[in-house]
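# Per-entry structural report
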Amino acid sequence: MELRQCALDCLAIQSPAEKVQAVSALQEQYSNQKILLSSNSEIPLNQAIPGLPNKPELVSPREVKHRAMNTDQGRAAMIHALAHIEFNAINLGLDAIWRFADMPKDYYGDWLKVAAEEAYHFSLLNAHLNKMGYQYGDFNAHASLWEMAEKTTDDLLARMALVPRTLEARGLDATPGVRNKLSQVGDTKAAEILDIILRDEIGHVAIGNHWFHRLCQQQGLDPLAHDRLLQERHRAPRLKPPFNLSARQSAGFSPQEMS
């Protein structure tokens, strides 16, 4: 068994429950040295990715309805949206492993750790959603996260810049506000889950920052200038305040990157 091939196989799994179980098992097996790593091999894409369940129905972001969190359905819709983000993040972590060859061993270990933690986050949110009488797939969702992955299939530097450093970093900014709203309406369990997610996501963004800066150094690129170039080239979403400056600093953003 080889790590990058196993990551691709996990990525193709459609069932969320099966994907979560497979990713958790993969991390355990790799940690116990039961799976080899062939970083320079070419892994052919011979299956449809990402594996997705029949539901939720994917629509444009504008078509995703926003419901007030002071209603049970509105709160469930928010939990569902968060679970959908985490499910996509599992796929993004797996894709970063299988797609990009010739990276150091630590790179693959980092993204396997990310994928496993995203699977854990999805499990927490999905279990809470089930207790509320809903399940993943009951609400519409959008595919913006994976669309950015498709834009960066041939450029690892762009992937690091635009997924962890841009889209996932937006989560650092948004999570405290969502967490506080859930707490205010009495959903302390959801608030506790978001505390776990924020803690782990700081580490995920830090991993993206580490590899982005390392690749820039190897290629003789100025990180600030090249990041701006990639943002414009791929039409990345504009960042909007308020920013979670303490979380961004903990994730490795420099003052210049946060100004």
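The following paragraphs examine the structure supplied in this document. (Residues numbered from 1 in each chain as written. Predicted model: local features only at pLDDT ≥ 70, side-chain atom pairs only at ≥ 80, totals over all residues. Heavy atoms only, no water.)

### Some thoughts on the overall build of the protein
Assigned secondary structure in the protein consists of nine helices and zero strands. Listed by position from the N terminus, the elements making up the protein come as α-α-α-α-α-α-α-α-α. For 259 residues, the compact-globule formula gives about 18 Å, and the C-alpha radius of gyration of the protein, at 18 Å, lands near that figure. Considering only C-alpha atoms, the protein reaches an extent of 50 × 45 × 30 Å along its principal axes. The proportion of buried residues among the 259 residues of the protein is 48%. Of the contacts made within the protein by residues no fewer than 6 positions apart, 82% connect residues no fewer than 24 positions apart. (Helix = DSSP H or I, 4+ residues; strand = E, 2+ residues; numbered from the N terminus. Rg over C-alpha atoms; globule rule 2.2 N^0.38 Å. Buried < 20%, exposed > 50% of the residue type's maximum accessible area, 1.4 Å probe, protein only. Contact = heavy atoms within 4.5 Å.)

### Considerations on the environment of R238
Tracing the chain through its elements places R238 in the loop between α8 (223-233) and α9 (245-250). R238 gets classed as exposed once you look at its relative accessible area, which sits at 70%. Separated by 71 residues in the primary sequence, R238 and L167 have C-alpha atoms spaced 9.9 Å apart.

### A word on unusual backbone geometry
The step from I49 to P50 runs through a cis peptide bond, and the omega angle for that step is -10°. Considering the arrangement of structural elements, one finds P50 in the loop between α2 (16-31) and α3 (72-99). Of note, the phi angle at Q33 is positive, near 60°, even though the residue is not glycine. You can see Q33 is positioned in the loop between α2 and α3. By relative accessible area, Q33 is classed as exposed at 70%. If you check the backbone angles, D102 has positive phi at about 65° while not being a glycine. Along the chain, the position of D102 falls in the loop between α3 and α4 (105-131).

### Brief notes about the side chain of E201
With respect to the helices and strands, the residue E201 is situated in helix α7 (residues 188-219). In this structure, E201 is buried with no salt-bridge partner, the nearest side chain bearing the opposite charge being K113 at 10 Å. If we ignore the near neighbours within four places in the chain, the residues touching E201 are E86, E118, H121, E168 and L172. (Lys, Arg positive; Asp, Glu negative; His and termini not counted. Salt bridge = Lys/Arg side-chain N within 4 Å of Asp/Glu carboxyl O.)

### What about the side chain of D227?
Summarising the element assignment, D227 is placed in helix α8. Residue class for D227 comes out buried when judged on its relative accessible area of 14%. Filtering out sequence-adjacent residues up to four positions away, D227 remains in contact with A161, R165 and F212.

### Describing the nonpolar core
In this structure, L3, V23, I90, L94, Y107, W111 and M160 are the most contacted members of the largest nonpolar core, which totals 66 residues. Elements represented by at least two residues in this core include exactly α1 (3-11), α2, α3, α4, α5 (144-151), α6 (156-184) and α7. Excluding anything up to four places from it in sequence, I90 contacts K19, V20, V23, A115, E118, A119 and F122. Listed in part, the eight residues of the second largest apolar core include V205, A247, A251 and F253. (Core = buried A, V, L, I, M, F, W, Y, C linked by side-chain atoms within 4.5 Å.)

### Quick notes on a nonpolar patch on the surface
On the surface, L239, F243 and L245 cluster together to form a nonpolar patch covering roughly 250 Å² of accessible area. Along the chain, F243 falls in the loop between α8 and α9. (Patch = residues over 30% accessible without salt bridge, like charges linked within 9 Å, V, L, I, M, F, W, Y side chains within 5 Å. Areas by Shrake-Rupley, 256 points an atom, 1.4 Å probe, with all protein chains shown as cover.)

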